[in-house]
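# Analysis of the macromolecular model
What follows is the residue order along each chain.
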Amino acid sequence: IARLLGDPEWGGRYQSVRALGDLRAKEYAPDIAKLLGDPDKDVRAYAAKALGGLGAKEFSSQITTLLGDEERVVWNAAVEALGGLNAKLSPPQIARLLGDPRSDVRASVTEALGWLGAKEFAPDIARLLGDPEWLARAHATEALGKLGAKEHVLDVARLLGDPDSSVRRAAATALCDFGAKEHAAGIAKLLGDPSEYVRHDAVEALIRLGARELAQAIAKLLADPDQDVRQAAAEALKKLGVPLPPP
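Summarised in this report is the structure supplied together with it.

Before going further, it helps to spend a moment on the packing of helix α3 (residues 41-53) against helix α5 (residues 72-85). For the pair α3 and α5, interaxial distance at closest approach is 8 Å and the crossing angle is 5 degrees. Looking at the two axes, α3 sits roughly parallel to α5. On the side of α3, the interface is formed by Lys 41, Asp 42, Arg 44, Ala 45, Ala 48, Lys 49, Leu 51 and Gly 52, while α5 contributes Val 73, Val 74, Ala 77, Ala 78, Glu 80, Ala 81 and Leu 85. Considered class by class, the residues forming the contact of α3 with α5 number nine nonpolar, one polar and five charged.

Printed below as a string of structure tokens:
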């Protein structure tokens, strides 16, 4: 089985790394680690999964590199492996990845840090709130919310006025994650946003914050042109204990 790790066909390498992982053959961890750079995405993904399952913490740095992988299946495997290993991430390596010239890499690594609960990197993530690319700003905002990094609440609140709708949505959600009810009025301004997705998420955010004092503003969305927004507004009023107006 181990000989197939060097098979010229991706299928052979794929089957080999899966089998060795299932067999808990930790003596082959160094050979499996070589496949983290394989040209095939599924081979890379299963190499990361196998190393995570084998408890091969010594390869955490190589797995961390995959947090910037362009293939989502590889990213998922790397996050799962690092989480399972309870790996201590290298600050210099994370700094390099967050400073990568490719915006998708910066965004992917930031998202991973949020899922991994790596709160020690919150200051580094917060720097990306001013990233020129919307995806990096959005993922940085979401990550800070997941990490509960409330020390950055004002920076996140400013993004309620971001030119990109995805960033505005992320800011509303993150403020809820912080439990920042003091920013409910700012979120309420998004009830009039041109994007129906932003309006919908603003309603959801106000529900989570229990902002009953803004029920009147939410009630206006019962006449919203978007069905999902109308439904969210009706549900919000019910959850906030506010009677629906007669039809």
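What follows covers helix α11 (residues 165-178). For α11, with 14 residues, the first-to-last C-alpha span of 20 Å sits near the 20 Å given by 1.5 Å per residue. Residues of α11 that are buried: Val 167, Arg 168, Ala 170, Ala 171, Ala 172, Ala 174, Leu 175, Cys 176 and Phe 178. Where α11 is buried, its residues touch α9 (134-147), α10 (153-158), α12 (184-188) and α13 (196-208). N-cap assignment for α11: the residue whose side-chain oxygen lies 2.8 Å from the backbone N of Ser 166 is Asp 164.

If you walk through the whole model with that rule in mind, you get 13 salt bridges. A salt bridge links Asp 193 to Arg 168, with the nearest nitrogen and oxygen atoms 2.8 Å apart. Taken together, the positions of Asp 193 in the loop between α12 and α13 and Arg 168 in helix α11 put the pair 25 residues apart, joining distant regions of the chain.

The next point concerns α9. Look at α9: 20 Å from first C-alpha to last across 14 residues, which is about the 20 Å you get at 1.5 Å a residue. Within α9, ten of the 14 residues are buried, leaving the element largely enclosed by the surrounding structure. For α9, every residue scored as buried is listed here: Ala 136, Arg 137, Ala 138, His 139, Ala 140, Thr 141, Ala 143, Leu 144, Gly 145 and Leu 147. Buried-residue contacts for α9 involve α7 (103-115), α8 (122-127), α10 and α11.

About the cut-offs
Residues numbered from 1 in each chain as written. Predicted model: local features only at pLDDT ≥ 70, side-chain atom pairs only at ≥ 80, totals over all residues. Heavy atoms only, no water. Axes fitted to C-alpha atoms, helices over the stretch in contact; angles between N-to-C directions. Helix = DSSP H or I, 4+ residues; strand = E, 2+ residues; numbered from the N terminus. Parallel < 35°, antiparallel > 145°, perpendicular 65-115°, else oblique. Contact = heavy atoms within 4.5 Å. Nonpolar A, V, L, I, M, F, W, Y, C, P; charged D, E, K, R; others polar. Expected span 1.5 Å × (residues − 1). Buried < 20%, exposed > 50% of the residue type's maximum accessible area, 1.4 Å probe, protein only. Polar contact = N/O pair within 3.5 Å; in protein donor to acceptor, adjacent residues only side chain to side chain. Salt bridge = Lys/Arg side-chain N within 4 Å of Asp/Glu carboxyl O.

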